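# A look at the structure
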Amino acid sequence: MASQTRVKVGKLDAPKVHGLDHETLIRLYRTMYLSRRLDDREIQLKRQNKIYFQISSAGHEAITAVMGLFLRPGVDWFYPYYRDRALCLMLGVTPLENLLAAVGAKDDLSSGGRQMPSHWGHAKWNIVSKSSCTGTQFVQAVGAAEATLYYQGRPQALAQAKKAPLGEHVSHEPDEIVYVSGGDGSTSEGEFWESLNVACLKKLPLLYLIEDNGYAISVPVEVQTAGGSISKLVRDFPGLHVAEVDGTDPFESYSTCKEAVQYCRERRGPALIHAHVTRPYSHSLSDDEKLYKSADEREEEARRDPLSKLALVLVREGVLDQKQIESLEAEIDNQVREAADQALAAEEPSVDSIRTNVYSPEVDPSSPAFASQPHFHGAPKTMVEMVAATLSDEMARDERITIFGEDVADASREDSLKHVKGKGGVFKATAGLQRKYGSDRVFNSPLAEAGIVGRAIGMATRGLKPVAEIQFFDYIWPAMMQIRDELCVMRWRSNGAFKAPVVLRVPIGGYLTGGGVYHSQSGESIFTHCPGLRVVMPSTALDVAGLLRTAIRCDDPVLFLEHKHLYRQPYNRSENPGPDFTIPFGKARTVKEGTDVSIITYGALVHRTEVAAAQLEREGISVEIVDLRSLSPYDWESIADTVRKTHRVIVAYEDMLSWGYGAEIAARIADELFEELDAPVKRVAATDTFCAYQPKLEDAILPQTSHITAAVKQLLEY
Ligand SMILES: Cc1ncc(C[n+]2csc(CCOP(=O)(O)OP(=O)(O)O)c2C)c(N)n1
Ligand SMILES: [Mg+2]
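I will try to describe carefully the structure that is included in this document. (Residues numbered from 1 in each chain as written. Chains lettered and ligands numbered in written order. Predicted model: local features only at pLDDT ≥ 70, side-chain atom pairs only at ≥ 80, totals over all residues. Heavy atoms only, no water.)

### Some thoughts on the overall build of the protein chain
Counting its secondary structure elements, the protein chain contains 26 helices and 21 strands. The dimensions of the protein chain, computed from C-alpha atoms along their principal axes, are 100 × 65 × 45 Å. When the 718 residues of the protein chain are sorted by exposure, 61% land in the buried category. Long-range pairs, those at least 24 residues apart, make up 80% of the contacts in the protein chain between residues at least 6 apart in sequence. When the accessible surface of the protein chain is split by element, carbon and sulfur atoms take 52% of a total near 27,400 Å². Within the protein chain, the 98 negative side-chain charges are centred at a point lying 3 Å from the centre of the 80 positive side-chain charges. (Helix = DSSP H or I, 4+ residues; strand = E, 2+ residues; numbered from the N terminus. Buried < 20%, exposed > 50% of the residue type's maximum accessible area, 1.4 Å probe, protein only. Contact = heavy atoms within 4.5 Å. Areas by Shrake-Rupley, 256 points an atom, 1.4 Å probe, with all protein chains shown as cover. Lys, Arg positive; Asp, Glu negative; His and termini not counted. Charge placed at Lys NZ, Arg CZ, Asp CG, Glu CD.)

### Some words on the pattern of salt bridges
For side chains of opposite charge, pairing can occur when their charged atoms come near one another. Taken as a whole and assessed by the stated rule, the structure comprises 47 salt bridges. With a closest N to O distance of 3.6 Å, D543 and R589 form a salt bridge. Residue D543 is located in helix α21 (residues 541-553), and its partner R589 is located in strand β16 (residues 589-592); the two are separated by 46 residues in the primary sequence. On the accessibility criterion, R589 (24% relative accessible area) is partly exposed. Linked by salt bridges that have partners in common, R279, D287, E289, K293, R298 and E301 make up one network. (Salt bridge = Lys/Arg side-chain N within 4 Å of Asp/Glu carboxyl O.)

### Overview of the site of ligand 1
Near ligand 1 lie 18 residues; those nearest to it are Y81, Y82, R83, G185 and Y215. The separation between an oxygen atom of ligand 1 and a polar main-chain atom of S186 is 2.9 Å. In isolation ligand 1 has 580 Å² of accessible area, and contact with the protein removes 74% of it. (Near = heavy atom within 4 Å. Polar contact = N/O pair within 3.5 Å; in protein donor to acceptor, adjacent residues only side chain to side chain.)

### Section: the coordination of the magnesium ion (ligand 2)
Surrounding the magnesium ion (ligand 2) are the protein donor atoms D184 (OD), N213 (OD1) and Y215 (O), which sit 2.0 to 2.2 Å from the metal. Positions of the donor residues of the magnesium ion (ligand 2) along the chain correspond to the pattern D-x28-N-x1-Y. Placement of D184 in the loop between β2 (178-183) and α7 (190-201) and of N213 in the loop between β3 (206-212) and β4 (215-216) is noted, with a sequence separation of 29 residues between them. A residue is classified by how much of its surface remains accessible, and D184, at 3% relative accessible area, is buried. (Donors = N, O, S within 2.8 Å, 3.2 Å for Na, K, Ca; no water.)

### A closer look at the packing of helix α1 (residues 22-47) against helix α12 (residues 306-316)
It is at 10 Å that the axes of α1 and α12 come closest, and there the two elements cross at 150°. Like other packed secondary-structure pairs, α1 and α12 cross with a definite hand, here left-handed. Contact residues: α1 offers L25, Y29, M32, Y33 and R36, while α12 offers P306, L307, L310, A311 and L314. Of the residues in the contact of α1 with α12, the class split is nine nonpolar, no polar and one charged. (Axes fitted to C-alpha atoms, helices over the stretch in contact; angles between N-to-C directions. Left-handed = near helix turned anticlockwise from the far one by under 90°. Nonpolar A, V, L, I, M, F, W, Y, C, P; charged D, E, K, R; others polar.)

### Here's the deal with unusual backbone geometry
The residue after S632, namely P633, is reached through a cis peptide bond having omega 5°. Within the secondary structure, P633 sits in the loop between β19 (630-632) and α23 (636-646). Backbone geometry places H647, a non-glycine residue, at a positive phi of 65°. Structurally, H647 can be placed in the loop between α23 and β20 (649-656).

### With respect to the packing of helix α2 (residues 61-70) against helix α10 (residues 250-265)
At a minimum axis separation of 9 Å, α2 and α10 run at an interaxial angle of 45°. Here α2 lies oblique to α10, going by the angle between them. At the point where α2 passes α10, the crossing takes the right-handed sense. Of the residues in α10, those in contact with A62, I63, V66, M67, L69 and F70 of α2 are P250, S253, Y254, C257, K258, V261 and R265. In terms of residue class, the contact of α2 with α10 is made up of ten nonpolar, one polar and two charged. (Parallel < 35°, antiparallel > 145°, perpendicular 65-115°, else oblique.)

### Examining the sheet that holds β16
Judged by pairing direction, the sheet is mixed, and its five strands sit side by side in the order β16-β18-β17-β20-β21 without closing on themselves. The strands lining the two open edges of the sheet, one partner per strand, are β16 and β21 (682-686). Averaged over neighbouring strand pairs, the angle between their axes works out to 25° when direction is ignored. The sheet contact formed by strand β17 (residues 597-601) and strand β18 (residues 623-627) spans five bridges and is parallel. Directly across from I599, in β18, lies its bridge partner I625. Lying over the sheet, helix α24 (residues 661-672) contacts β17, β20 and β21, oriented at roughly 155° with respect to β20. (Pairing = 2+ DSSP bridges.)

### Examining the packing of aromatic side chains
Applying the stated criterion across every chain yields a total of 18 aromatic pairs. With 6.2 Å between their ring centres and 50° between their planes, F78 and Y179 make a pair best called tilted. With a gap of 101 residues between them, F78 in strand β1 (residues 77-79) and Y179 in strand β2 connect regions that are remote in the sequence. Judged by relative accessible area, which is 0%, Y179 ranks as buried. In this structure an aromatic cluster arises from ring pairing among F138, F192, W193, Y208 and F237. Across the ring face of F443, the terminal group of K202 is positioned such that the distance to the ring centre comes to 4.0 Å. The ring of Y359 has R534 sitting right over it, with the charged end atom 3.8 Å from the ring centre. (Phe/Tyr/Trp six-rings, centres within 6.5 Å; stacked < 30°, edge-to-face > 60°. Lys NZ or Arg CZ within 6 Å of the ring centre and 35° of its normal.)

### So, the environment of L89
Positionally, L89 belongs in helix α3 (residues 85-91). Residues L89 and S539, spaced 450 residues apart in sequence, show a C-alpha to C-alpha distance of 52 Å.

### Focus on the sheet that holds strand β7 (residues 271-276)
Taken together, the five strands give an open sheet; going across it, the order is β1-β2-β3-β7-β6, and neighbouring strands pair in parallel fashion. Whereas interior strands pair on both sides, the edge strands pair on one side only; in this sheet they are β1 and β6 (241-246). Looking at each pair of strands side by side, their axes are set apart by 15° on average, direction ignored. Sheet topology note: the β2/β3 ladder contains six bridges and is parallel. Residue pairing in the sheet places S181 in a bridge with L209 of β3. Each of β3 and β7 is contacted by α7, which is oriented at about 150° to β3, the strand it contacts most.

Shown next as C-alpha cells:
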C-alpha cells in the first residue's frame with residue numbers, strides 16, 4: 001500500500017494540525033505525491049509513445065486521498081471516476097497495478113489491458129470496473145447499495161450468491177456503504193438524477209462525491225449546470241445529506257468526508273459531497289486547456305494546487321522539514337521508476353485472448369447440461385401465464401432473484417393488497433409475485449429505463465439475480481447505453497473479474513391492430529449486434545418455460561423478448577413442463593418437416609408460416625419450418641441442415657427488411673452455403689418503415705401469411 005510511512009516523523013507528540021495527526025498527514029501527502037508522480041510518469045510514457053492515453057487525477061488528490069481514510073477496501077463498494085487515483089492508492093491499488101493498466105499489460109487487474117488507463121477496477125478491494133461513460137456509474141452504484149439492504153434482510157440470498165460463479169467476491173457487512181464519484185459535467189447526465197431519486201426514495205447507504213473542477217473538457221460549469229452549483233440544485237432531495245467543500249484542502253475535506261460517511265453508515269440515507277478541485281493538466285493529454293482557459297485563470301488555479309499547498313503546511317507546522325519532504329519524494333520517485341520499468345517489461349495480452357470473457361467461462365447456456373425432458377402438469381397455459389409461472393418457480397428456488405420495473409408489482413401500497421386483485425405488470429406477466437414473495441423481491445421502479453437497467457447491473461455485480469422488465473421494447477432506448485456499454489461489456493472489460501448476469505424481459509413486436517409506432521416495434525438485430533448479450537425470442541409457451549429458466553440460470557446477461565401478440569394466443573399454449581425444465585440457447589426447433597422449401601423464422605412469424613405451410617400442403621408443396629427461438633447464439637447447424645435438405649430457403653422475420661435480423665442469416669447462407677442453393681435466398685420481412693396506427697395499414701407493413709405463400713411459389717419457379 002502507498003500509505004506506509006517510512007520517513008521518520010519529526011515531532012510525534014506535536015499537537016495535531018487542524019485535527020489531523022502527523023502520521024495521517026504524512027500518509028496523505030505520500031499518497032497525493034505518488035498519485036501526481038504516476039500521472040507525470042504516464043504523461044512522459046505517452047509522449048514517448050509507450051502508452052496510448054493519459055488522463056490525470058492532478059488537482060483532485062486531496063479530497064480523494066482523504067476519502068480513503070474513511071472507506072474500507074474489500075468491505076465498502078466503490079464506483080470511482082477516472083480522476084480517483086489517490087483514492088484507489090489509499091484503498092490498496094499499487095503503483096505497479098496503476099502502470100500495468102497504463103501499458104495495457106496482460107496482467108493488468110482492472111481489465112487485462114482492455115481499457116484505457118485510470119478506468120479503475122479491482123475485485124479484491126471491491127472497486128467495480130468502470131467504463132468511459134460519464135454517468136452510468138451512478139445508477140449502478142444505486143443497485144449495489146440496494147444489494148446492501150437486500151442482503152441485510154435476506155441471508156439466504158447471500159449464501160446462494162457466495163456459491164455461484166465469482167461467489168468468492170460476494171460479500172456483505174452490516175455497516176458497509178457504497179461510494180460513487182463523478183465530475184461536474186457528469187451530473188448533467190440523466191442517470192445522475194435517476195440515481196438520486198432512487199437513493200432518496202430508498203434511503204440507500206450511498207455516498208456521492210462530485211469532483212467539481214469547473215470544467216467538462218472545455219465546457220465551464222456555469223454553462224453546464226443551472227446556477228453553476230450542483231450542491232445548490234440537490235439540496236432539497238429528501239433525506240440527502242449535502243455538503244460543499246474546498247476539495248483541495250485536506251483539513252476541510254477531512255471533517256466533511258467523516259460526517260458524510262458516518263451519515264451513510266448509520267443508515268440515515270444517501271450523502272453528496274460537492275468538492276471544488278482543480279485540473280492543472282488539461283482534460284487529458286488529448287486536450288490543451290490554453291485554448292479555452294485564460295492565463296489568469298490558470299494562474300489562480302495553480303495557487304490552489306492541493307499538493308504544493310499541503311507541502312507548505314507540513315513544513316510550516318513542523319510535521320516534516322524540507323529535507324524530509326525531499327527524501328520522502330525521492331523515495332516515491334524511485335518507487336514509480338521501478339514500477340514503470342516493471343510495467344514496460346510486462347507481457348502483452350495475446351491476440352486470441354480477445355475472445356475470452358465475452359461470456360461466462362463457467363456456465364454455457366447452449367451446452368447439453370440445459371437439455372431436459374418436460375414433466376407436464378396442470379391445465380394448458382398461455383405464454384404470458386407461463387412467464388409468471390416460471391418466474392414463480394425460479395423465485396422459490398433462488399432467493400437472489402429480484403423482479404422490478406414499471407408496474408410489475410401487484411400493488412406498491414401493501415395495505416391495498418388485502419383489498420385489491422393486484423396489477424402484476426401491464427400484461428400480467430408478473431401477477432401475484434409480490435404477494436407471494438414479498439415487496440423487497442418484487443417492486444415497482446420509477447419510470448426511468450436507464451435506471452432500471454443500471455440498477456440491475458449493480459445488483460448483479462454484487463451477486464444478485466435481477467429479472468428486470470422494460471415495459472415495451474419501444475421504450476428500451478433510454479437504457480441503450482446501460483445495455484450496450486455496460487451490461488454487455490462488464491465481464492469482457494474487467495477480463496472476467498466482474499459480471500452482470502441480468503435477465504431483461506421485454507415485450508416486443510406488432511400485429512396488435514392499433515398498437516401504432518410506439519407499441520409495435522421490432523429491432524432485435526440492434527441487440528444481437530452486441531457481443532456479451534444473449535438474445536432469445538420464444539414463440540410458444542413451452543419454449544417460454546424452458547428458455548426463461550435457462551436465462552435465469554445462466555451467468556450471462558439475457559435479453560428475453562416476449563412477443564406481445566403471442567402472449568394470449570390459443571395455438572401456442574402448453575401445460576407447465578415442471579420446475580426444472582430448461583432449453584439450451586442456440587438450439588432451433590423444427591416446427592414441421594418438409595422437402596421443397598425451408599422457412600427459417602422466429603417469433604410471431606412462426607405461426608403465420610405454419611398457416612402458410614398448411615395452405616401450400618393442400619397444393620402439394622412441402623415446407624420445412626425452423627423456429628430459431630434463440631437469436632444470439634443461433635443454431636447455424638440447423639439452418640445449414642435444412643438448406644442442404646431442400647436447397648431453397650426463405651428467411652421470414654418481422655423486423656424491417658433491410659438491416660433486420662434475418663438479413664444477416666440470409667447473407668450467411670448466401671456466403672457459406674451458396675453451392676447448396678437451387679434458388680436465391682429470399683427474405684420476407686416488414687416494409688422499411690414504421691408501423692401505422694390504422695390496422696389496415698399495419699397489415700400492409702408487416703409480413704403476412706400471403707407474403708409467405710407468394711415467396712414460396714416464387715422460389716419454386718427457379
Ligand atoms: C456519456 C459520455 N459522453 C461524453 C463523453 C466524453 N467525455 C469524456 S470526459 C468528458 C467530460 C467530463 O467532465 P466532468 O464530469 O466534469 O469530469 P472531469 O473530466 O472534468 O473530471 C466528456 C464529455 C463520455 N466519456 N461519456
Ligand atoms: Mg469537471
